[in-house]
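Observations on chain architecture
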Amino acid sequence: QVQLVESGGGLVQAGGSLRLSCAASGSIFSINAMGWYRQAPGKQRELVAGITSGGNTNYADSVKGRATISRDNAKNTVYLQMNSLKPEDTAVYYCNAVLLTYLRGSLTRQEYWGQGTQVTVSS
């Protein structure tokens, strides 16, 4: 069983910063990619930022220049640093991981999601 546990959300004023963390644990052979998605009320879930095992990153246009994704492979943890936050960044942020895990004795590629953490940016 694999779990993703997020932390770091909360209420912040516009222009402020926050750092989200997501730690993966359980029966993990290796993690291919990790990322952060967000979903605002009434909107579809969207990619915020992603990072591969090799450190390649990609960002949504809406957060480029304001967000930095990083990971600690030894800790199976991914971070999202967001600066100059705007009210439109308000959403539930979800951690995502694509990884190799053992299922029924076989090494299998699976995708997992965290439970989500609320980020609210006040104007």
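Along each chain, numbering runs from 1 in the same order as the chain's sequence is written. Totals for whole chains, interfaces and linings use all residues, but because this is a predicted model, local features are given only for residues with pLDDT of at least 70 and pairs of side-chain atoms are given and counted only at 80 or more. For side-chain calculations, the full set of non-hydrogen atoms in the structure is used, while hydrogens and water are omitted.

**Some words on the overall build of the protein**
Let me state the cut-off plainly: Numbering of helices and strands runs from the N terminus; a helix is a DSSP stretch of H or I covering at least four residues, while a strand is a stretch of E covering at least two. Put simply, the radius of gyration uses C-alpha atoms, and a globule should come to 2.2 Å times the residue count raised to 0.38. To sort residues, take the accessible area from a 1.4 Å probe on protein chains only and compare it with the maximum for the residue type: under 20% means buried, over 50% means exposed, and anything in between is partly exposed. Residues are treated as being in contact if the distance between any of their heavy atoms lies within 4.5 Å.
Counting its regular elements, the protein contains zero helices and eleven strands. Helices (α) and strands (β) of the protein occur, in sequence order from the N terminus, as β-β-β-β-β-β-β-β-β-β-β. Its C-alpha atoms give the protein a radius of gyration of 15 Å, within 12% of the compact-globule value 14 Å for 123 residues. In terms of its C-alpha atoms, the protein occupies a principal-axis envelope of roughly 50 × 25 × 20 Å. Taken across its 123 residues, the protein has 39% of its residues classed as buried. Residue pairs at least 24 apart in sequence account for 56% of intrachain contacts in the protein once pairs closer than 6 positions are excluded.

**Concerning the side chain of Thr-101**
Worth spelling out the cut-off: N or O atoms within 3.5 Å of each other form a polar contact, as long as, within protein, one can give a hydrogen and the other can take it, and as long as residues adjacent in sequence are counted only when both atoms are side-chain atoms.
Inspection of the secondary structure puts Thr-101 in strand E9 (residues 91-103). For Thr-101, a relative accessible area of 1% gives the class buried. A distance of 2.4 Å separates a polar atom in the side chain of Thr-101 from the backbone oxygen of Ser-27. Setting aside residues up to four positions removed in sequence, Thr-101 forms contacts with Val-2, Ser-27, Phe-29, Ser-106, Leu-107, Thr-108, Gln-110 and Tyr-112.

**What about the pattern of salt bridges?**
Note that side chains of opposite charge can pair when their charged atoms are close. As a reminder of what qualifies: Salt bridges, as used here, are contacts in which a Lys or Arg side-chain nitrogen is within 4 Å of a carboxyl oxygen on Asp or Glu.
The full count for this structure, using the stated rule, is four salt bridges. Between Glu-46 and Arg-38 there is a salt bridge, with the nearest N and O atoms lying 2.7 Å from each other. By relative accessible area, which is 36% here, Glu-46 ends up partly exposed. Under the relative-accessibility criterion, Arg-38 is labelled buried at 6%. Taking the shortest distance from any N to any O, the salt bridge between Lys-64 and Asp-61 comes out at 3.1 Å.

**A short note on a nonpolar patch on the surface**
Convention followed: Surface patches are defined over residues having more than 30% relative accessible area and no salt bridge, joining like charges when they lie within 9 Å and nonpolar side chains (Val, Leu, Ile, Met, Phe, Trp, Tyr) when within 5 Å. Per-residue and other accessible areas were derived by the Shrake-Rupley procedure at a 1.4 Å probe size, with only the shown protein chains allowed to occlude residues.
A surface patch of nonpolar side chains, about 310 Å² in accessible area, is lined by Phe-29, Tyr-102 and Leu-107. Tracing the backbone through its elements, the reader meets Leu-107 in strand E10 (residues 106-113). On the basis of relative accessibility, which here comes to 41%, the residue Leu-107 falls in the partly exposed class.

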